[in-house]
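# Close look at the chain arrangement
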Amino acid sequence: MTWVYPADQAAATTRHGLAVASFWVAAVFLVGGASTLITSAVLGGGPAPLLGLASFALLVGLLVVVRVWRRFPLWFGVAIIATGGAVVGILAVGLESSADSPWFPAVAALIGMIALGGNADRWTGTAGVIVGYLVGQAALSVFAPSHPVEVAPALIALIVAVYYAFLNETRRRGRAAADRLDAAARADLVASQRRAFELRSRALVHDTVLSDLVALGMTPPGPLSDAVRASITESLAAVRGPDDAESYMSRPSRALDSVLERERLSGLIIEVTGDTSVLDTLAPATRAALLQAIDQALVNVRKHAGVESAELSVIASGASVVATVVDEGVGFVEADIAADRFGFRESIRGALESVGGAARILSSPGAGTSVLLTAPLTPEADE
């Protein structure tokens, strides 16, 4: 599955950003409400309303507490909102005692309660916003009944609550979609592994059992040579199970000499040029894959080229080992290879691509065939 920012984390992060933004907006309004009280008192020639200023300071303190303490139980959030309502009630008493008190401090207190509720409710946010506003409005209505109910704080509370609800729904749908994507990814992985196992099994049987049976049928009566015996033993171990197959792929005895002797016993004349010792510089799995590809290329010459000889060249080229199998046989067109023939697609190309190598075939009818096999030199090979 593609790597994208998870939907549930996106919703949670957005909600956190909204909570932080509401905290600072509320802090600005609360400071503005306190400044309005001071300005009103100064212009009216009266003393500073200490009770109102203390109420705003307490609301700011409650906001700081819920922002700093990021994890707390539900009862603590309820207690914070209730305390905020009590503080708004204290502020309302001060506003009610002054006939000419401005309306803005009451609006600021309600916005502070909206932010306090949203920050205290770290589970949904929606309930906290609504409860915070309602508690604050109830406190103002009870202790300052002469002050009119303001529409702006109610709209703010409604909008913020709807936005919180939208984020929660987005998170829920995001989780559902993520679960479906995970299930699809697991199914795709299982299918891919099953397909890889199927291809590996086909190639393994094609490269081991069938080739050994052909070599055994071409062997003259009498005791088996050590090379043929070792080849058959290793083939049986490879098809016995995954662990044995891994041992087979990395076993040093599966060397080039064993491959060449088996094909020669089957009647193929092989001329070897270059430096075969460079195979020892490859990592075990890479060397096994290249030997498997060489073996299958020689099998193809013997079975399909219509000639009795082939040339094998092995050289080191930069960061790779290159093996070339050349014959002067009938040649063919690669696109015409039947779908049920796995030799080149799986035993040669598939084996090398599994270790980061590559295979290329150059052939045309009547012009022979050249198979270029490339295997990378890896740091593992130096160990």
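Residues numbered from 1 in each chain as written. Predicted model: local features only at pLDDT ≥ 70, side-chain atom pairs only at ≥ 80, totals over all residues. Heavy atoms only, no water.

### A word on the side chain of Arg287
Within the fold, Arg287 resides in helix H10 (residues 284–305). For the buried Arg287, no salt bridge is present, and the opposite-charge side chain at shortest range is Asp280, 5.1 Å distant. Each residue touching Arg287, except ones within four places of it in the same chain, is listed here: Leu279, Asp280 and Leu282. (Helix = DSSP H or I, 4+ residues; strand = E, 2+ residues; numbered from the N terminus. Buried < 20%, exposed > 50% of the residue type's maximum accessible area, 1.4 Å probe, protein only. Lys, Arg positive; Asp, Glu negative; His and termini not counted. Salt bridge = Lys/Arg side-chain N within 4 Å of Asp/Glu carboxyl O. Contact = heavy atoms within 4.5 Å.)

### Side note on helix H5 (residues 126–143)
Between the first and last C-alpha of H5 there are 26 Å, a value that for 18 residues agrees with the 26 Å anticipated at 1.5 Å per step. Within H5, the full set of buried residues consists of Gly128, Val129, Gly132, Tyr133, Gly136, Gln137, Ala139 and Leu140. Projection of H5 onto a plane perpendicular to its axis shows the buried side chains occupying an angular sector of 155°, all on one side. Turned more than 90 degrees away from the buried face of H5, the exposed residues are Leu134 and Val142. (Expected span 1.5 Å × (residues − 1). Arc of directions from axis to C-beta.)

### A closer look at a nonpolar patch on the surface
On the surface, Leu51, Ile90, Val93, Val142 and Phe143 cluster together into a nonpolar patch covering about 430 Å² of accessible area. With respect to the element layout, Leu51 can be found in helix H2 (residues 50–68). Of the residues examined, Leu51 reaches a relative accessible area of 43% and is grouped as partly exposed. (Patch = residues over 30% accessible without salt bridge, like charges linked within 9 Å, V, L, I, M, F, W, Y side chains within 5 Å. Areas by Shrake-Rupley, 256 points an atom, 1.4 Å probe, with all protein chains shown as cover.)

### Considering helix H9 (residues 256–265)
For H9, the full list of buried residues reads Leu256, Ser258, Val259, Leu260, Arg262 and Glu263. Directly after H9, the chain includes Gly267, whose backbone phi takes a positive value near 105°.

### A few points about the sheet that holds strand S1 (residues 269–274)
Sheet strands pair by backbone hydrogen bonding; their relative direction is either parallel or antiparallel. With mixed pairing, 5 strands are arranged side by side in an open sheet as S1-S2-S3-S5-S4. A single partner strand is all that each edge strand has here, and the edge strands are S1 and strand S4 (358–363). The average angle at which neighbouring strand axes cross in this sheet is 15°, direction not considered. (Pairing = 2+ DSSP bridges. Axes fitted to C-alpha atoms, helices over the stretch in contact; angles between N-to-C directions.)

### Points about the nonpolar core
It is characteristic of soluble globular proteins that their nonpolar side chains tend to be buried jointly. The biggest cluster of nonpolar side chains holds 37 residues, and the ones touching the most others in it are Phe56, Leu59, Leu63, Ile80, Val88 and Leu116. Secondary-structure elements contributing two or more residues to this core are helix H1 (7–44), H2, helix H3 (74–97), helix H4 (104–120), H5 and helix H6 (151–218). Ranked by residues supplied to this core, first place goes to H4 with 9 residues. If we skip the residues at most four places from it in the chain, Val88 touches Leu59, Ala109, Met113, Gly136, Ala139 and Leu140. (Core = buried A, V, L, I, M, F, W, Y, C linked by side-chain atoms within 4.5 Å.)

### Remarks on the pairing of S4
When S4 meets strand S5 (residues 369–376), the two strands line up antiparallel, connected through 6 bridges. When the sheet's bridge partners are listed, Arg360 is paired in S5 with Leu372. From the end of S4 to the start of S5, which pair antiparallel, there are 5 residues, and Gly366 there has a positive phi angle of about 85°.

### Focus: the packing of H3 against H5
The description of two helices packed together rests on the angle between their axes and the distance between the axes. Interhelical geometry of H3 versus H5 gives an angle of 30° and a closest axis separation of 8 Å. Looking at the two axes, H3 sits roughly parallel to H5. Of the two elements, H3 crosses H5, and the hand of that crossing is right-handed. Counted together, Ile81, Gly85, Val88, Gly89, Ala92, Val93 and Glu96 of H3 and Gly128, Val131, Gly132, Val135, Gly136, Ala139, Leu140 and Phe143 of H5 form the full contact between these two elements. Tallied by class, residues from the contact of H3 with H5 come to 9 nonpolar, 5 polar and 1 charged. (Parallel < 35°, antiparallel > 145°, perpendicular 65-115°, else oblique. Left-handed = near helix turned anticlockwise from the far one by under 90°. Nonpolar A, V, L, I, M, F, W, Y, C, P; charged D, E, K, R; others polar.)

### Notes on the packing of aromatic side chains
Counted by the stated rule, this structure contains 6 aromatic pairs. Judged by centre distance (5.8 Å) and plane angle (70°), the rings of Trp69 and Phe72 are edge-to-face. Taken together, a centroid distance of 5.2 Å and an interplanar angle of 55° make the contact between Phe72 and Phe76 tilted. Here the aromatic cluster, defined as three or more aromatic residues joined through ring pairs, consists of Trp69, Phe72, Trp75 and Phe76. (Phe/Tyr/Trp six-rings, centres within 6.5 Å; stacked < 30°, edge-to-face > 60°.)

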